[in-house]
Amino acid sequence: MPGIEESKCILVTGATAGIGRALALSLAKLPSNPQVIAAGRRQDRLEELKRAGLEIIQFDLDTDASSLKSSVDLILEKYPNLDAVILNAGVQYEFDFKKEINIAKLQSELNINYTSVVTTIAYLTPHFLKLSAASQPSFIIPVTAGLGIVPAVWVPGYSASKAALHSYTTSLRLQLNDTNIHVLEIIPPLVESELHDAEGTTEKLTNLWMPLDKYTEVTMQGLRNGDTIISTGGSLVWYDKYDKDKEGVIAQLQAAREKW
Ligand SMILES: NC(=O)c1ccc[n+]([C@@H]2O[C@H](COP(=O)([O-])OP(=O)(O)OC[C@H]3O[C@@H](n4cnc5c(N)ncnc54)[C@H](OP(=O)(O)O)[C@@H]3O)[C@@H](O)[C@H]2O)c1
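This one's a predicted model, so the numbers in the text were calculated from it and none came from an experiment.

Novice: Mind laying out the overall build of the chain, listing which residues take part and the relevant values?
Specialist: Counting secondary structure elements, the chain contains nine helices and eight strands. Along the first, second and third principal axes, the C-alpha atoms of the chain reach 55 × 55 × 35 Å. When each of the 260 residues of the chain is scored for burial, the buried share is 49%. For the chain, the exposed surface amounts to about 13100 Å²; the carbon and sulfur share of it is 53%. On the chain, the mean spot of the 24 positive side-chain charges and the mean spot of the 31 negative ones are 1 Å from each other.

Below is the structure:
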């Protein structure tokens, strides 16, 4: 499998904090010296990444399809050699269905974690198919979560959005498996980041999460190897236990469809 070091230009969404920021900075230090485009909303943090030598772009994913299309078009115009995307931006909110549900928040979470991600992929894929036709590899790498395999009931929308993205990623990989587009999936366990700040649970989790440095090292190795599933810790245990065996069944289903 080709690894990320084959890539010349990598877009990382959600690169202003946590996992995305750590991966963007590590990718920029690869010996293969790729151009790394850090995307996010917070301009001050993007400026800091620019000072570290990264390209930056302000990109709000909580928007509609036509705005996403405009952003993708702008990115491809400025970076025609883009050949990898790590779809990492995400949010996580708690919902208690015995209380009033904030519908705007519920829908925004689904949009950021799923709808905008698959829409962005749909707009980028024709570009990657052109690279593929010219025998150039490219990479589509969504970031899902262990909670997409085993839902956490207090974050039902988050868990469902990640389950949806996990399923979509599997289908995308199989649809594109006769092209030069490599669909990898990063499935983090609980990792040190700012994800839980929104719900005020960060302090409680500091004893439980994987340190970001350690997580980044493992994930970078998976990206360099070109591993299809890049996971570790509790998420890898869940993937191996509940999901791995599905691969054969999915392939059988696809083979049956091809005979229709
Ligand atoms: N940390 C964990 O325990 C864990 C576990 C499993 C999976 N994950 C997944 O890993 C990914 C990264 O999370 P993290 O833990 O590193 O969280 P984080 O520290 O909170 O970072 C989230 C990133 O997403 C960006 N983002 C949020 N809303 C956005 C929007 N509307 N448009 C564009 N960007 C937006 C943020 O940037 P701006 O605010 O500047 O836009 C930030 O850069 C997420 O997909 C998350 O679900 C994390």
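Novice: I'd like a rundown of helix α5 (residues 156–175), residues and numbers included.
Specialist: The end-to-end C-alpha separation of α5 is 29 Å, in line with the 28 Å expected for 20 residues at 1.5 Å each. Those residues of α5 lying buried are Gly157, Tyr158, Ser159, Ser161, Lys162, Leu165, His166, Thr169, Thr170, Leu172 and Arg173.

Novice: Describe in detail the packing of helix α4 (residues 103–133) against α5, supporting the description with residues and values.
Specialist: Where α4 contacts α5, the axes come no closer than 8 Å and their chain directions differ by 15 degrees. Considered as vectors, α4 and α5 are oriented roughly parallel to each other. Where α4 crosses over α5, the handedness of that crossing is left-handed. In this structure, α4 contributes Glu109, Leu110, Asn113, Tyr114, Val117, Val118 and Ile121 to the contact, and α5 contributes Gly157, Tyr158, Ser161, Lys162, Ala164, Leu165, Tyr168 and Leu172.

Novice: Quick rundown of the side chain of Asn111? Include the residues and the values.
Specialist: Along the chain, the position of Asn111 falls in helix α4. Judged by relative accessible area, Asn111 falls into the buried class, the value being 14%. Once you skip the residues sitting within four places of it in the chain, Asn111 turns out to touch Leu61, Asp62, Thr63, Ser116 and Val117.

Novice: Any details on the sheet that holds strand β2 (residues 35–40)? Residues and values, ideally.
Specialist: In spatial order, the strands read β3-β2-β1-β4-β5-β6; together these six strands make up an open sheet with parallel pairing. The sheet is open, and its two edges are formed by β3 (55–58) and β6 (181–183), each paired on a single side. Across the sheet, the axes of successive neighbouring strands diverge by a mean angle of 15 degrees, strand direction being ignored. Bridge count for strand β1 (residues 9–12) against strand β4 (residues 84–87) is three bridges, and the pairing is parallel. Counterpart to Val12 in the pairing with β4 is Ile86. Of the strands in this sheet, β4, β5 (138–142) and β6 touch α4, which is tilted by about 165 degrees from β5.

Novice: Go over the packing of aromatic side chains with me, naming the residues and quoting the values.
Specialist: Enumeration over the complete set of coordinates arrives at one aromatic pair. Look at Tyr114 and Tyr168: their rings are 6.2 Å apart centre to centre, the planes differ by 90 degrees, and that puts the pair in the edge-to-face class. Of the two residues, Tyr114 sits in helix α4 while Tyr168 sits in helix α5, which places them 54 residues apart along the sequence. Exposure remark for Tyr114: the relative accessible area of 23% places this residue in the partly exposed category. A relative accessible area of 22% means that Tyr168 is categorised as partly exposed. For the cation-ring pair, Lys69 lies above Tyr123, with the distance from its terminal atom to the ring centre recorded as 5.8 Å.

Novice: Describe in detail the environment of Leu176, supporting the description with residues and values.
Specialist: Mapped onto the secondary structure, Leu176 falls in the loop between α5 and β6. Its relative accessible area of 9% is what places Leu176 among the buried residues. With 60 residues separating them in the primary sequence, Leu176 and Ser116 have C-alpha atoms 20 Å apart. Contact partners of Leu176, with chain neighbours within four places excluded, come to Leu129, Ile140, Ile181 and Val183.

Novice: Summarise the pattern of salt bridges; cite the residues concerned and give the values.
Specialist: Tallied over the full model, the rule gives eight salt bridges. Arg42 serves as the salt-bridge partner of Glu194, at 3.6 Å between the closest nitrogen and oxygen. With Glu194 in the loop between β7 (185–187) and α6 (202–205) and Arg42 in the loop between β2 and α2 (43–51), the pair connects residues that are 152 residues apart, well separated along the chain. Accessibility expressed as a relative area gives 32% for Glu194, which makes it partly exposed. Given a relative accessible area of 36%, Arg42 falls into the partly exposed group. Residue Lys246 is joined to Asp243 by a salt bridge in which the shortest nitrogen-to-oxygen separation is 3.8 Å.

What counts, and at which threshold
Residues numbered from 1 in each chain as written. Predicted model: local features only at pLDDT ≥ 70, side-chain atom pairs only at ≥ 80, totals over all residues. Heavy atoms only, no water. Helix = DSSP H or I, 4+ residues; strand = E, 2+ residues; numbered from the N terminus. Buried < 20%, exposed > 50% of the residue type's maximum accessible area, 1.4 Å probe, protein only. Areas by Shrake-Rupley, 256 points an atom, 1.4 Å probe, with all protein chains shown as cover. Lys, Arg positive; Asp, Glu negative; His and termini not counted. Charge placed at Lys NZ, Arg CZ, Asp CG, Glu CD. Expected span 1.5 Å × (residues − 1). Axes fitted to C-alpha atoms, helices over the stretch in contact; angles between N-to-C directions. Parallel < 35°, antiparallel > 145°, perpendicular 65-115°, else oblique. Left-handed = near helix turned anticlockwise from the far one by under 90°. Contact = heavy atoms within 4.5 Å. Pairing = 2+ DSSP bridges. Phe/Tyr/Trp six-rings, centres within 6.5 Å; stacked < 30°, edge-to-face > 60°. Lys NZ or Arg CZ within 6 Å of the ring centre and 35° of its normal. Salt bridge = Lys/Arg side-chain N within 4 Å of Asp/Glu carboxyl O.

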